[in-house]
Amino acid sequence: MRVKVVCVGGGPAGLYLAILLKRQSPAHDVTVHERAPEGSTYGWGVTYWQGLLDRLRSHDPESAHAIEENSVHWDEGVAHVRDLSTRQPGDRGFGIGRHRLLELLAERARILGVRLEFESGITELPDGADLVVAADGIGSTLRTRHADAFGTHATHGRNHYLWLGTTKVFDAFTFAFAETAHGWIWAYGYPYDDIHSTCVVECSPETYTGLGLDRADEGEQLALLEKHFAPVLDGHPLLAQPQAGAAAPWPTFRTLTNRTWHHGNLVLLGDAAHTTHYSIGAGTTLALEDALCLAAALRDHAALPEALTAYETRRRTDLLSAQSAARYSARWYENLPRYIDLPPHRMFALLGQRHSPLLPYVPPQLYYGLDRAAGRLEPLRRLKRGLGPRVARALHARSSQARAAHGRSPHHRDQ
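Keep in mind the model is a prediction, meaning the values are calculated, not measured.

1. Here's the deal with helix α8 (residues 218-228)
Alright, step 1. Regarding α8, the residues found buried are Q221, L222, L225 and H228. Down the axis of α8, the buried side of the element spans an arc of 130 degrees, and every buried residue falls inside it.
Alright, step 2. Its buried side turned inward, α8 meets β8 (152-166), β9 (173-180), β10 (183-191), β11 (197-203), α9 (230-233) and β12 (238-239).
Alright, step 3. One side-chain oxygen at the N-terminal end of α8 lies 3.2 Å from the backbone nitrogen of G219; it belongs to D217.

Below, the structure written as structure tokens:
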């Protein structure tokens, strides 16, 4: 059966969905509309892990091969705290430039017969489409137009952050924590090609204003950050994206959810449907997994309503773990003083455990000891695995009760 699909948004999720649909049936009429000019994407590098690469390879070996060939990888993590550092082995991670990733996916989509329309903003539901996919990010125009139907809800984190690049090529996933007169400021760094790395900087609101980052222009901001992170930059500069104003913006992270992900023939994909805190490095992975799931649902269900319901049900379930990890990861950084004065190897170990719902409620030194013991004793491992989800469910229930007691709708939309 020939289906006409209009995808709004030329990011990784929209392009990969188009690829999958054309592979399932070359007869499908698939068009991707992107409001920006071709090649003008924002951002530096994105991360992914071996599990995603394996899934991509099983669904479209050609694009998976191209992505892997254009990626760099690491299998260690290093943390720098003041003048101390610690290095640990870890899972294999990959980095690829966002611009390069989109080039590869666009090329593959064209080969398969997808029409790509750049500088083509879609603000209204197009006529004649069987399915319209809103894959245009957290500020999705189509989702906003139908906000009441989707029940969009956004919450803001506490800390400020800034995405930067650097010509310093890190040899591992790098964490750098710098102490200032106004509190701590830290960076996450990872390579994404042979000459660049991504560097995400984060700090509390008190540090942000205390250092004057809220009043400095872009050049002053970069100079200050280069000074604080000089030990890991080795003389390399930090690079900012071109800004329309005089200063780079330092937002707080918005966690976005929706009561439902589909309305009529309109369905949400990627950040238009959900966001997870950048500190777990899963945004691109989750968006591509959305595309995999939606393509499978459209293949397996002849009727569109059943396909969209199946897609949403499956992805909501699959996302629970990542969303929980993202919440606790963001909280770990918001409570950094609780952990930062531990010996570096212990602090780094708890950094790796920041997704745990138990960690915020157990003294850090005690948690570290229990975690080391659990690694050696199976009964303790079972206890830890069993308690974690129970604590998470109890805390979620308590939060829902408190929200209800204050009369706040869970589907309230922040402006």
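2. Considerations on the environment of G183
Alright, step 1. With respect to the helices and strands, G183 occurs in strand β10.
Alright, step 2. Once you skip the residues sitting within four places of it in the chain, G183 turns out to touch A178 and T207.

3. Considerations on the pattern of salt bridges
Alright, step 1. Per the stated rule, a full pass over the model turns up 26 salt bridges.
Alright, step 2. Across the pair E68 and R57 runs a salt bridge, and its minimum N-O distance is 2.9 Å. Within this pair, whereas E68 is found in helix α3 (residues 61-69), its partner R57 is found in helix α2 (residues 50-59), the two being separated by eleven residues in sequence.
Alright, step 3. It is possible to trace a salt-bridge network through shared partners that takes in R55, E289, D290, R314, R315 and D318.

4. Quick word on the confidence of the model for the protein
Alright, step 1. Residues at a pLDDT of 70 or more form 88% of the protein, whose mean pLDDT is 90.
Alright, step 2. Note that pLDDT drops below 50 for residues 406-415; the model gives that stretch 19 contacts with residues more than four away or on any other chain.

5. What to know about the sheet that holds strand β7 (residues 131-134)
Alright, step 1. Strands sit in the order β6-β2-β1-β7-β15-β14 across an open sheet of six strands; the sheet is mixed. In the strand order of this sheet, the two ends are held by β6 (115-118) and β14 (262-263), each with one partner.
Alright, step 2. Here four bridges tie strand β2 (residues 29-34) to β6, and the two strands are oriented parallel to one another. What sits directly across from E34, in β6, is F118.
Alright, step 3. In the packing of helix α1 (residues 12-24) onto the sheet, contacts are made with β1 (4-8), β2, β6 and β7, and the angle to β2 comes to roughly 170 degrees.

6. Section: the environment of P205
Alright, step 1. Along the chain, P205 falls in helix α7 (residues 205-210).
Alright, step 2. Given the relative accessible area of 22%, P205 is considered partly exposed.
Alright, step 3. The spatial distance from the C-alpha of P205 to the C-alpha of T252 is 9.3 Å, given a sequence separation of 47 residues.

7. Let's talk about the side chain of T31
Alright, step 1. With respect to the secondary-structure elements, T31 resides in strand β2.
Alright, step 2. Not counting residues within four places of it along the chain, the set of residues in contact with T31 comprises V5, V6, C7, R115 and E117.

8. Describing unusual backbone geometry
Alright, step 1. Although it is not a glycine, R82 adopts a positive phi angle of roughly 55 degrees.
Alright, step 2. Position of R82 among the secondary structure elements: in the loop between β4 (72-81) and β5 (84-97).
Alright, step 3. Its relative accessible area of 42% is what places R82 among the partly exposed residues.
Alright, step 4. A positive phi is found at E119, a non-glycine position, where the angle reads about 50 degrees.
Alright, step 5. On the secondary structure map, E119 appears in the loop between β6 and β7.

9. Notes on the packing of α2 against α3
Alright, step 1. Their axes nearest at 6 Å, the elements α2 and α3 cross at an angle of 145 degrees. Residues L53, L56, R57 and H59 of α2 form the contact with α3, whose own contacting residues are P61, A64, I67 and E68.
Alright, step 2. Residues of the contact of α2 with α3, tallied by class, amount to five nonpolar, one polar and two charged.

10. With respect to α3
Alright, step 1. Of all the residues in α3, the buried ones are S63, A64 and I67. Burial along α3 is one-sided: seen end-on, the buried residues are contained in an arc of 100 degrees.
Alright, step 2. The elements touched by buried residues of α3 are α1, β3 (45-49), α2, β5 and α4 (98-112).

11. Here we look at the packing of α3 against α4
Alright, step 1. Remark: α3 packs on α4, axes separated minimally by 10 Å, with the N-to-C direction vectors making an angle of 155 degrees. In terms of orientation, α3 lies roughly antiparallel with respect to α4. As α3 runs across α4, the sense of the crossing is right-handed. Contacts from E62, S63, A66 and I67 in α3 reach L101, L104, L105 and R108 in α4.

12. Some points on the side chain of N159
Alright, step 1. You can see N159 is positioned in strand β8.
Alright, step 2. For N159, the residues in contact, after removing those within four places along its chain, are W186, E202, C203, S204, P205, P251, T252, F253, Y333 and E334.

13. A few points about the nonpolar core
Alright, step 1. Counting 64 residues, the largest nonpolar core has Y16, L17, I67, V133, L269, L294 and Y311 as the members making the most contacts within it.
Alright, step 2. With nine residues, the top contributor of residues to this core is helix α10 (residues 283-300).
Alright, step 3. Apart from the residues within four sequence positions on either side, I67 is in contact with Y48, L56, I96, L101, L104 and L105.
Alright, step 4. Counting residues in each nonpolar core, the second largest holds 29 residues, with F253, Y339, L342 and L359 among its members.

14. Here's the deal with the environment of W186
Alright, step 1. Position of W186 relative to the elements: it lies in strand β10.
Alright, step 2. Taking the C-alpha atoms as reference points, W186 and F175, eleven residues apart in sequence, are found 7.2 Å from one another.
Alright, step 3. Residues contacting W186, with those up to four places away along its chain left out, are N159, A176, F177, V200, V201, E202, C203, S204, F229, Y333 and L336.

Criteria and cut-off values
Residues numbered from 1 in each chain as written. Predicted model: local features only at pLDDT ≥ 70, side-chain atom pairs only at ≥ 80, totals over all residues. Heavy atoms only, no water. Buried < 20%, exposed > 50% of the residue type's maximum accessible area, 1.4 Å probe, protein only. Helix = DSSP H or I, 4+ residues; strand = E, 2+ residues; numbered from the N terminus. Arc of directions from axis to C-beta. Contact = heavy atoms within 4.5 Å. Polar contact = N/O pair within 3.5 Å; in protein donor to acceptor, adjacent residues only side chain to side chain. Salt bridge = Lys/Arg side-chain N within 4 Å of Asp/Glu carboxyl O. pLDDT = per-residue confidence, 0-100. Pairing = 2+ DSSP bridges. Axes fitted to C-alpha atoms, helices over the stretch in contact; angles between N-to-C directions. Nonpolar A, V, L, I, M, F, W, Y, C, P; charged D, E, K, R; others polar. Parallel < 35°, antiparallel > 145°, perpendicular 65-115°, else oblique. Left-handed = near helix turned anticlockwise from the far one by under 90°. Core = buried A, V, L, I, M, F, W, Y, C linked by side-chain atoms within 4.5 Å.

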